[in-house]
Amino acid sequence: MFIVDTDVHNYWSSAEVLLPYLEPYWRDFLVRGEKPGPRGSFPHGHRPWLHPEGFSRHDIRPETEDDNYLIMKEKHLDLYDIDVAILTADEPLEASTLANYHYANALVKAYNDYMIDWWLPKDNRFKGSIIISPTDPHGAAAEIRRLGGHKDIVQVLASHGSQRPYGDPFYHPIYEACAEVGLPFAIHFGGQGGVNHNAIASGPTAYYWETHALLAQPAMTHVVSMISNGVFEKYPDLYFVVIECGVSWVPSLMWRLDANFKALRKETPWLKMLPSEYCRRNIRFSTQPLEQPQNVRHLWETLEHMDGQNTLLFASDYPHWDFDAPTNLHIPPAWRDKVMGLNALEVYKRIEAPAAAARVA
Amino acid sequence: MSAAATAPALTFACKAAQVAVGKPTIVTIGRIRVGIFQLEDGYAALLNICPHRAGHLCEGPVSGTNRQTDKAEFVYERAGEIIRCAWHGWEFDIRSGKCLVDEKLRARTFPVHVDGDDIYLEMRR
């Protein structure tokens, strides 16, 4: 089977790997400036809740920078025979929590250069994401244009914690740049705290598992905002990929949106289709963390309402604590070829299709 | 019936010196991997496959847990008796293999026999 894992976290042993990629002023910031943790920490406005055991799998414990790749190769890429792994970074998503957007831009640029230099050449299965800090959309657009032509870059990625809903015209320079270079715009769970809104709409949760169960909340806001603000009329070929935000909430949200739109379409006269039709055409959802009901048929029936066979993309979230193994993903067997890999080819056009054809045949 | 027919089939696992309290050793026996644990009062062995989602059960941290209480108090107990799966953190009793939130969910255990410095497991063949 052809497998594209759309959420593989490439971590580092210390944020100091970014030092060679930073301009002198920002290098001083990272070496001597204030930080949330010990030396080598990545600067960010910290979230209010903490995972009591740390959020990484306990059997993944890299001690050197090289271990990061070698362990991933042994315990993930080779073990599950993964064809393509889309790298989604880790801490760099948190740059979006910083009020100093100059520093945030410097950090994500340094990360992107490090990722292209250090990670992409290590394995021909790797594809990269350009991390942006959306607090400065014009800076983000410049970064997308700077690196968007790289043959192994397949998407632009921001945290789902944000200052405003992503359909807001404030962010449209980002989508203009994405459309120009032909890359999807993706959001990934994270980036709460600092200047960004809290993960939870009514106020901060206290516990990690409580927060994690609610990770769909910001994603719901972004999905609705992207559709209602007409992003997909302006950029009809743009794919919006929602990573690590759960999936079974999508159908009920679309039912509500479609019904309300039928009554109130005059509020947003620029829309030409039902909200669910934009969702089906332009938005894709990564599977992880897939909901786990007692009876898996309840999940499958729900996923059918969002045309899950065509709109879901497999993700493992390696190496985090809620990791989903490709061999143990509870989706309908008839959907496996599409969800595990083929759907990704529509979204990530720089992934070579011949390899996929060979694996399916 | 001869003695040989009733005696459990024992398989050598590892040397006792290879296992320490709080630090299980994972051994490969045939095609399976088993975690060997030393507790304060003896040894235990668990298959290195979590019954939840087939994660690397024995590569997680050995720890204690918080007792269920009626109010917001944190009573840490059973230190060293719990293994948390390396993947998703589900808690299992090292001796019985029982999952703490659902006793029906059980990690596979193997009876352990110690002979001098050698640790043997009772395994069905």
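Everything that follows concerns the structure shown earlier in this document.
Report follows, based on the coordinates.

What about helix 5 (residues 172-181) of chain A?
Three- or four-residue spacings in an α-helix give side chains the same orientation, since the helix completes a turn every 3.6 residues.
All names here are of chain A.
So, point 1. All buried positions along helix 5 are accounted for by His 172, Pro 173, Ile 174, Tyr 175, Ala 177 and Cys 178.
So, point 2. Summarising the contacts, the buried residues of helix 5 are in contact with helix 4 (137-147), strand 4 (153-159), strand 5 (185-188), helix 7 (216-228) and helix 8 (231-234).
So, point 3. Downstream of helix 5 by a residue or two, Gly 182 has a phi angle that is positive, lying close to 75 degrees.

Remarks on the sheet that holds strand 10 (residues 118-122) of chain B
All names here are of chain B.
So, point 1. Read across the sheet, 3 strands follow the order 1-10-9 without closing on themselves; strand pairing throughout is antiparallel. Strands with a single pairing partner mark the edges of an open sheet, and in this sheet they are strand 1 (10-15) and strand 9 (112-115). In this sheet, neighbouring strand axes are inclined to one another by 35 degrees on average, regardless of whether the strands run parallel or antiparallel.

Some thoughts on the environment of Lys 98 of chain B
Residue and element names in this part refer to chain B.
So, point 1. On the secondary structure map, Lys 98 appears in the loop between strand 7 (91-93) and strand 8 (109-110).
So, point 2. Here Lys 98 falls in the partly exposed class, since its relative accessible area comes to 27%.
So, point 3. For the pair formed by Lys 98 and Val 19, sequence separation is 79 residues and the distance between their alpha carbons is 22 Å.
So, point 4. Once you skip the residues sitting within four places of it in the chain, Lys 98 turns out to touch Glu 91, Phe 92, Asp 93, Glu 103, Leu 105 and Arg 106.

Observations concerning the environment of Pro 48 of chain A
Residue and element names in this part refer to chain A.
So, point 1. Of note, Pro 48 is situated in the loop between helix 1 (24-32) and helix 2 (65-77).
So, point 2. By relative accessible area, Pro 48 is classed as partly exposed at 46%.
So, point 3. Here the alpha-carbon distance between Pro 48 and Glu 34, two residues 14 residues apart in the chain, equals 18 Å.

A look at the nonpolar core
So, point 1. By size, the foremost hydrophobic cluster in this structure holds 130 residues, and its most contacted members are Leu 18, Tyr 175, Phe 185, Val 223 and Phe 285 of chain A.
So, point 2. Filtering out sequence-adjacent residues up to four positions away, Leu 18 of chain A remains in contact with Trp 12, Leu 30, Phe 42, Leu 107, Ala 110, Tyr 111 and Tyr 114 of chain A.
So, point 3. Counting residues in each nonpolar core, the second largest holds 14 residues, with Cys 14, Ala 16, Val 27 and Ala 45 of chain B among its members.

Here we look at the pattern of salt bridges
So, point 1. Taken as a whole and judged by the stated rule, the model has 28 salt bridges over all chains.
So, point 2. Salt-bridge contacts for Arg 84 of chain B lead to Glu 53 of chain A; the nearest nitrogen and oxygen are separated by 3.4 Å. Taken together, the residues span two chains, with Arg 84 of chain B in strand 6 (residues 76-84) and Glu 53 of chain A in the loop between helix 1 and helix 2.
So, point 3. A residue is classified by how much of its surface remains accessible, and Arg 84 of chain B, at 14% relative accessible area, is buried.
So, point 4. On the basis of relative accessibility, which here comes to 28%, the residue Glu 53 of chain A falls in the partly exposed class.
So, point 5. In this structure, Arg 145 of chain A and Glu 180 of chain A form a salt bridge, with 3.0 Å as the shortest nitrogen-oxygen distance. Of this pair, Arg 145 of chain A sits in helix 4 while Glu 180 of chain A sits in helix 5; the two residues are 35 residues apart in sequence, bridging distant segments of the chain.
So, point 6. For Arg 145 of chain A, a relative accessible area of 36% translates into the label partly exposed.

Side note on the pairing of strand 6 of chain B
Strand residues, when the strand is regular, have side chains that alternate between the two faces of the sheet.
Residues and elements named next belong to chain B.
So, point 1. In this structure, strand 5 (residues 62-66) lies alongside strand 6, joined through 4 bridges in antiparallel fashion. If you follow Ser 63 over to strand 6, its bridge partner there is Ile 82.
So, point 2. By the bridge criterion, 3 bridges tie strand 6 to strand 7 in an arrangement that is antiparallel. Paired with Arg 84 across the bridge in strand 7 is Glu 91.
So, point 3. What sits between the antiparallel neighbours strand 6 and strand 7 is a turn of 6 residues, in which Gly 89 has the positive phi angle 80 degrees.

Re the interface of chain B and chain A
So, point 1. Counting residues at the interface gives 11 residues for chain B and 16 residues for chain A.
So, point 2. Taking both partners together, chain B and chain A bury about 1,200 Å²; carbon and sulfur atoms supply 46% of that area.
So, point 3. Area buried by chain B at its contact with chain A is led by Arg 53, Trp 87 and His 88 of chain B, which between them contribute 54% of it.
So, point 4. For the pair chain B and chain A, the number of links is 2 salt bridges.
So, point 5. Our count for the contact surface shared by chain B and chain A stands at 10 residue pairs in polar contact (both at pLDDT 80 or more).
So, point 6. Along the lines of polarity and charge, the residues of the side of chain B that touches chain A split into 4 nonpolar, 4 polar and 3 charged.

Points about the side chain of Thr 135 of chain A
So, point 1. Here Thr 135 of chain A is to be found in the loop between strand 3 (126-131) and helix 4.
So, point 2. Not counting chain neighbours up to four residues away, the residues in contact with Thr 135 of chain A comprise Ser 96, Leu 98, Tyr 101, Gln 163, Phe 170 and Val 195 of chain A.

Quick word on the packing of aromatic side chains
The way to describe two aromatic rings as a pair is by their centre distance and the angle between their planes.
Residue and element names in this part refer to chain A.
So, point 1. This model, assessed by the stated rule, comprises 25 aromatic pairs over all chains.
So, point 2. Taking the centre distance of 5.0 Å and the plane angle of 65 degrees together, the rings of Tyr 175 and Phe 185 count as edge-to-face. With Tyr 175 in helix 5 and Phe 185 in strand 5, this pair connects stretches of sequence that are 10 residues apart.
So, point 3. Judged by relative accessible area, which is 0%, Tyr 175 ranks as buried.
So, point 4. Between the aromatic rings of Tyr 208 and Trp 321, the centroid separation amounts to 5.9 Å while the plane-to-plane angle is 75 degrees, which identifies the pairing as edge-to-face. Of this pair, Tyr 208 sits in helix 6 (residues 208-213) while Trp 321 sits in the loop between strand 8 (312-313) and helix 13 (336-347), placing them 113 residues apart in sequence.
So, point 5. Classification of Tyr 208 by relative accessible area gives buried; the value is 10%.
So, point 6. By relative accessible area, Trp 321 is classed as buried at 19%.
So, point 7. Among the aromatic residues, ring-to-ring pairing joins Trp 12, Tyr 21, Phe 42, Tyr 69, Tyr 111, Tyr 114, Trp 118, Trp 119 and Phe 126 into one connected group.
So, point 8. The aromatic ring of Phe 170 is capped on one face by Arg 164, whose charged end is 3.8 Å from the ring centroid.

About the cut-offs
Residues numbered from 1 in each chain as written. Chains lettered and ligands numbered in written order. Predicted model: local features only at pLDDT ≥ 70, side-chain atom pairs only at ≥ 80, totals over all residues. Heavy atoms only, no water. Buried < 20%, exposed > 50% of the residue type's maximum accessible area, 1.4 Å probe, protein only. Helix = DSSP H or I, 4+ residues; strand = E, 2+ residues; numbered from the N terminus. Contact = heavy atoms within 4.5 Å. Pairing = 2+ DSSP bridges. Axes fitted to C-alpha atoms, helices over the stretch in contact; angles between N-to-C directions. Core = buried A, V, L, I, M, F, W, Y, C linked by side-chain atoms within 4.5 Å. Salt bridge = Lys/Arg side-chain N within 4 Å of Asp/Glu carboxyl O. Buried area = accessible area lost by both parts, 1.4 Å probe. Polar contact = N/O pair within 3.5 Å; in protein donor to acceptor, adjacent residues only side chain to side chain. Nonpolar A, V, L, I, M, F, W, Y, C, P; charged D, E, K, R; others polar. Phe/Tyr/Trp six-rings, centres within 6.5 Å; stacked < 30°, edge-to-face > 60°. Lys NZ or Arg CZ within 6 Å of the ring centre and 35° of its normal.

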